[in-house]
Amino acid sequence: MKPGETEPVRLEPIKLTEAERRKVQASAVKGLVHVLAAQAGMMLVAVVVSWGVAGVEAGASALLGALSCFVPNALFAARLLLGMVAGRPASPGRFLVGELVKLLASVALLVLVVYVAQAWLVWPALLFGLLMVLKGYVLLLMFGRLP
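As the structure is a computational prediction, the values presented were derived from the model and not from experiment. Throughout, residues of each chain are indexed from 1 in the direction in which the sequence is written. The model is predicted, so local features are restricted to residues of pLDDT at least 70 and side-chain atom pairs to those at 80 or more, both for listing and for counting; the totals for chains, interfaces and linings are taken over all residues. In computing side-chain values, all of the structure's heavy atoms are included and hydrogens and water are not.

Engineer: I would appreciate a short explanation of the overall build of the chain in the present structure.
Structural biologist: A run of H or I in DSSP becomes a helix once it reaches four residues, and a run of E becomes a strand once it reaches two; helices and strands are each numbered from the N terminus. Along the chain, the regular secondary structure elements total five helices and zero strands. Counting from the amino terminus, helix and strand elements in the chain follow one another as α-α-α-α-α. Put simply, the radius of gyration uses C-alpha atoms, and a globule should come to 2.2 Å times the residue count raised to 0.38. Since a compact globule built from 147 residues should have a radius of gyration of about 15 Å, the 20 Å found for the chain marks it as more spread out than a globular shape. Only protein chains enter the calculation, and the probe is 1.4 Å; a residue is then buried if its accessible area is under 20% of its type maximum, exposed if over 50%, and partly exposed in between. Across the 147 residues of the chain, 26% fall into the buried class. For the chain, the share of sequence-separated contacts (at least 6 apart) that also reach a separation of at least 24 residues comes to 73%. Where accessible areas are quoted, they stem from the Shrake-Rupley method and a 1.4 Å probe; at the residue level, only the protein chains shown are allowed to cover. Here the chain displays about 10,100 Å² of accessible surface, and carbon together with sulfur accounts for 72% of that area. This count recognises Lys and Arg as positive and Asp and Glu as negative, with His and chain-terminal groups excluded. Charge placement uses NZ in Lys and CZ in Arg. For Asp and Glu, CG and CD serve respectively. Within the chain, the 7 negative side-chain charges are centred at a point lying 6 Å from the centre of the 13 positive side-chain charges. Here, two residues are considered to be in contact whenever any of their heavy atoms come within 4.5 Å of each other.

Engineer: Sorry if this is basic, but what is going on with helix α3 (residues 92-116) here?
Structural biologist: In an α-helix, one full turn covers 3.6 residues, which means residues spaced three or four apart are oriented alike. Every helix has an expected span of 1.5 Å times one less than the residues it contains. Across its 25 residues, α3 extends 36 Å between first and last C-alpha, which sits within 8% of the 36 Å expected from 1.5 Å per residue. What α3 keeps buried is the set Gly-98, Lys-102, Ser-106 and Val-113. On its buried face, α3 sits against α2 (56-86) and α4 (123-134).

Engineer: How should I be thinking about the packing of aromatic side chains in this particular structure?
Structural biologist: The geometry of an aromatic ring pair is captured by two quantities: the separation of the ring centres and the angle between the planes. Whether two aromatic rings pair depends on their centres lying within 6.5 Å, for rings of Phe, Tyr and Trp, where Trp uses its six-membered ring; planes under 30 degrees apart make the pair stacked, over 60 edge-to-face, and the rest tilted. The final tally for this structure, using the stated rule, is one aromatic pair. For the pair Phe-76 and Phe-95, a centre-to-centre distance of 5.4 Å together with 55° between the ring planes defines the contact as tilted. One end of the pair, Phe-76, is in helix α2; the other, Phe-95, is in helix α3, and 19 residues separate them in sequence. Relative accessible area serves as the criterion here: at 7%, Phe-76 is assigned to the buried category. By relative accessible area, which is 38% here, Phe-95 ends up partly exposed.

Engineer: Whenever I open this one, the pattern of salt bridges confuses me. Can you help?
Structural biologist: By definition, a salt bridge exists where a carboxyl oxygen of Asp or Glu is found within 4 Å of a side-chain nitrogen of Lys or Arg. Within the structure shown, the criterion is met by one salt bridge. Note that Glu-99 and Lys-102 form a salt bridge whose closest N and O atoms lie 3.3 Å from each other. Of the two residues, Glu-99 and Lys-102 are both situated in helix α3; the distance of three residues between them amounts to about one turn of the helix. On the accessibility criterion, Glu-99 (26% relative accessible area) is partly exposed.

Engineer: Quick question: what am I supposed to make of the nonpolar core here?
Structural biologist: Soluble globular proteins: nonpolar side chains tend toward being buried together. The set of buried Ala, Val, Leu, Ile, Met, Phe, Trp, Tyr and Cys residues whose side-chain atoms join them within 4.5 Å is what this entry labels a nonpolar core. Grouped together as the largest cluster of nonpolar side chains are eight residues: Leu-36, Met-43, Ala-66, Cys-69, Phe-70, Ala-77, Leu-130 and Val-133. Going through the elements one at a time, α1 (18-54), α2 and α4 are the ones with two or more residues in this core.

Engineer: Even after reading the chapter, I still don't get the packing of α1 against α2, so can you show me in this structure?
Structural biologist: Two numbers describe a pair of packed helices, the interaxial angle and the distance between the axes. Here the axes come from fitting lines to C-alpha atoms, over the contacting stretch only for helices, and the angles between their N-to-C directions go from 0 to 180 degrees. Interhelical geometry of α1 versus α2 gives an angle of 175° and a closest axis separation of 8 Å. As the angle between them shows, α1 and α2 are arranged roughly antiparallel. Here the residues of the contact of α1 with α2 sort into 23 nonpolar, five polar and no charged. Here roughly perpendicular refers to angles of 65 to 115 degrees, roughly parallel to angles under 35, roughly antiparallel to angles over 145, and oblique to all remaining angles. Amino acid classes used here: Ala, Val, Leu, Ile, Met, Phe, Trp, Tyr, Cys and Pro are nonpolar; Asp, Glu, Lys and Arg are charged; the rest, including Gly, are polar.

In structure tokens, the structure reads:
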């Protein structure tokens with residue numbers, strides 16, 4: 001080895017016992033459920049605040065904005081949970097494809113909402129609902145429940 005060079009790092013795969021694997025899996029399931037619950041809570045807050053401040057159209061706009069993000073997140077979480085229950089090994093490639101599909105579905109739902117509800121849509125409320133769901137993990141941070 002030449003001076004100034006470091007020895008390459010050799011990484012070994014982590015080997016878990018069955019009990020450790022079940023514990024990690026249970027923690028992951030709990031984390032997914034907490035994130036979805038926090039997002040649902042933030043969606044409810046966004047709808048109530050928008051409705052209270054600016055009326056029914058604003059509340060509906062906030063709901064549609066929140067759902068355009070929440071529904072793909074919930075479906076992706078369900079897919080991850082089903083994969084864990086089925087015992088399929090985790091795959092980074094599958095995860096990234098799922099994230100891409102989730103993102104594209106959110107954009108498609110937003111475009112659909114704008115197209116269908118353009119006559120009465122309240123843009124600030126729509127964006128508020130979307131933002132609240134996207135930041136649902138802040139609720140978990142506040143209560144120390146972040147997995």
